[in-house]
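The lines below spell out each chain.
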Amino acid sequence: MKISQILAGIVLGSAVLAASAQTVIKFSHVVAVDTPKGKAAVFFAQKASELTKGKIKVEVYANSALYKDKEEMEALQIGSVQMLAPSLAKFGPLGVKEFEAFDLPFIFDDKADLHKITQGAVGASLMAKLEPKGIKGLAFWDNGFKSFSANVPLKNVADFKGKKFRIQSSKVLEEEIRALGGIAQVMAFSEVYQALQTGVVDGTENPISNFYTQKMHEVQKHLSLTNHGYLGYAVIVNKKFWDALPADVRGQLEQAMKEATVYANKIAQEENDLALAGVRKSGKTTVYEPTKEERMALKKAMAPVHIKMADRVGKDTLQTIYKETGFDPNAL
Ligand code: LMR
């Protein structure tokens, strides 16, 4: 065989190899598969494979299978995983404190209010603040509004006094529990069920989809539908990894993310409604719907959190949000 034929063979061989090469994106998250985030991650994985014609394989790791809350952010920054969708509360500890605005109690009346922010200038500027941390923000995904649970009924502000509540690592959430006279305990999501079961904490706050899929209804006798705060996600990737992808592949992944975001936001409410039906059907937790007056009393008790946290979260960001949503902590 001539040397030129051998060389041609090598070139062809490497071209075939390059054509069949597959890039893996590890997508880690902490919730169950049957949740808005869990389902949207799987949807994205399928779309990504379809649109890139198999060049990208997204491996989804649910239920903290790879990393717990804080560890997953570090893993993304060093590139051990490429994609995450942490709750917005998880960006404060990263040093991007403006994200904690989303944790403020009662700041959004509904998802229409919320979308004005996530899909507007504030959302874009928050995502831009992640870039110096080596993170590229791709999308906001909805979950829903949080409700409080405990082993005693939570109807009035006095019912929270002296009770220990698990929270995500957020100064705003710490202040929220303090405003109710409770004790805040920061804990990784994967540890909450056991902490409730063993009485390490008395109660917690969750969107119902998380409450139900982590089986917290088995270890909490009362759930009060307070809907006092929002919990949703930012889908993020390791920026170096993202920037190194071929432009056409990046475009296909952006399209997959766009479709996954529409899907995520469409199913978020449905999943929470189904979860609530599941909790009711289990008969293990008494579900209480606070009256308008009881909810207003909670809202008033928590309004000072906005004032106390304004400097930390950023007054400009807050004013922009208040202008869009009409929320005024001073009017309560
Ligand atoms: C929590 O820690 O409660 C949430 O961030 C879990 C999640 O990702 O929905």
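Source: prediction; values computed, not measured.

(A) Layout of the layout of surface pockets. Taken as a whole, the largest pocket encloses approximately 370 Å³ of empty space. Around the largest pocket, the lining is made up of 20 residues, and of these Gln119, Leu138, Ala139, Phe140 and Thr261 lie nearest the centre. For the lining of the largest pocket, the elements supplying multiple residues, two or more each, are helix H4 (111-118), helix H5 (121-128), strand S4 (135-150) and helix H10 (247-282). By residue class, the composition of the lining of the largest pocket is eight nonpolar, eight polar and four charged. Each pocket or cavity is described by its volume, and for the second largest pocket that value is around 280 Å³. Per-element accounting of the lining of the second largest pocket gives the leading share, five residues, to helix H3 (residues 69-78). Residue composition of the lining of the second largest pocket, by class: six nonpolar, three polar and five charged.

(B) Representation of the packing of aromatic side chains in the model. Here the structure, examined in full by the defined rule, presents twelve aromatic pairs. Ring geometry for Phe108 versus Tyr230: centroids 6.4 Å apart, planes at 85 degrees, classification edge-to-face. With Phe108 in the loop between strand S3 (83-84) and H4 and Tyr230 in strand S8 (residues 222-238), the pair connects residues that are 122 residues apart, well separated along the chain. Residue classification places Phe108 among the buried positions, given a relative accessible area of 4%. A relative accessible area of 4% places Tyr230 in the buried class. For the pair Phe148 and Phe160, a centre-to-centre distance of 4.9 Å together with 75 degrees between the ring planes defines the contact as edge-to-face. Residue Phe148 is located in strand S4, and its partner Phe160 is located in the loop between S4 and strand S5 (164-167); the two are separated by twelve residues in the primary sequence. Note on Phe160: relative accessible area 1%, which makes it buried. In this structure an aromatic cluster arises from ring pairing among Phe91, Phe99, Phe102, Phe108, Phe140, Phe145 and Tyr230.

(C) Structural detail: empty space enclosed by the protein. Tallied over the entire structure, the rule returns three cavities of 30 Å³ or more. In this model, the largest cavity occupies a volume close to 90 Å³. Lys90, Gln168, Phe189, Asn210 and Leu231 are the residues nearest the centre of the largest cavity, which is lined by 13 residues in total. Considered class by class, the residues forming the lining of the largest cavity number five nonpolar, four polar and four charged.

(D) Highlighting the site of the ligand. Within the structure, the ligand sits among Val30, Val31, Lys37, Asp69, Ser87, Lys90, Arg166, Gln168, Phe189, Asn210, Leu231 and Tyr233. At 2.5 Å from an oxygen atom of the ligand is found a side-chain nitrogen or oxygen belonging to Tyr233. Expressed as a share of its isolated accessible area of 270 Å², the protein-covered part of the ligand is 99%. Given that more than half its atoms are within 2 Å of the pocket grid, the ligand belongs to the largest cavity. Split into classes, the residues belonging to the shell around the ligand amount to five nonpolar, three polar and four charged.

The rules we used
- Residues numbered from 1 in each chain as written.
- Predicted model: local features only at pLDDT ≥ 70, side-chain atom pairs only at ≥ 80, totals over all residues.
- Heavy atoms only, no water.
- 1 Å grid on protein atoms, 1.4 Å probe; cavity = no way out; pocket = protein on both sides within 12 Å on 5 of 7 lines; lining within 4 Å.
- Points joined across faces, edges and corners; volume = space filled by probe spheres on them.
- Helix = DSSP H or I, 4+ residues; strand = E, 2+ residues; numbered from the N terminus.
- Nonpolar A, V, L, I, M, F, W, Y, C, P; charged D, E, K, R; others polar.
- Phe/Tyr/Trp six-rings, centres within 6.5 Å; stacked < 30°, edge-to-face > 60°.
- Buried < 20%, exposed > 50% of the residue type's maximum accessible area, 1.4 Å probe, protein only.
- Near = heavy atom within 4 Å.
- Polar contact = N/O pair within 3.5 Å; in protein donor to acceptor, adjacent residues only side chain to side chain.
- Areas by Shrake-Rupley, 256 points an atom, 1.4 Å probe, with all protein chains shown as cover.
- Sits in = over half its atoms within 2 Å of the grid points.

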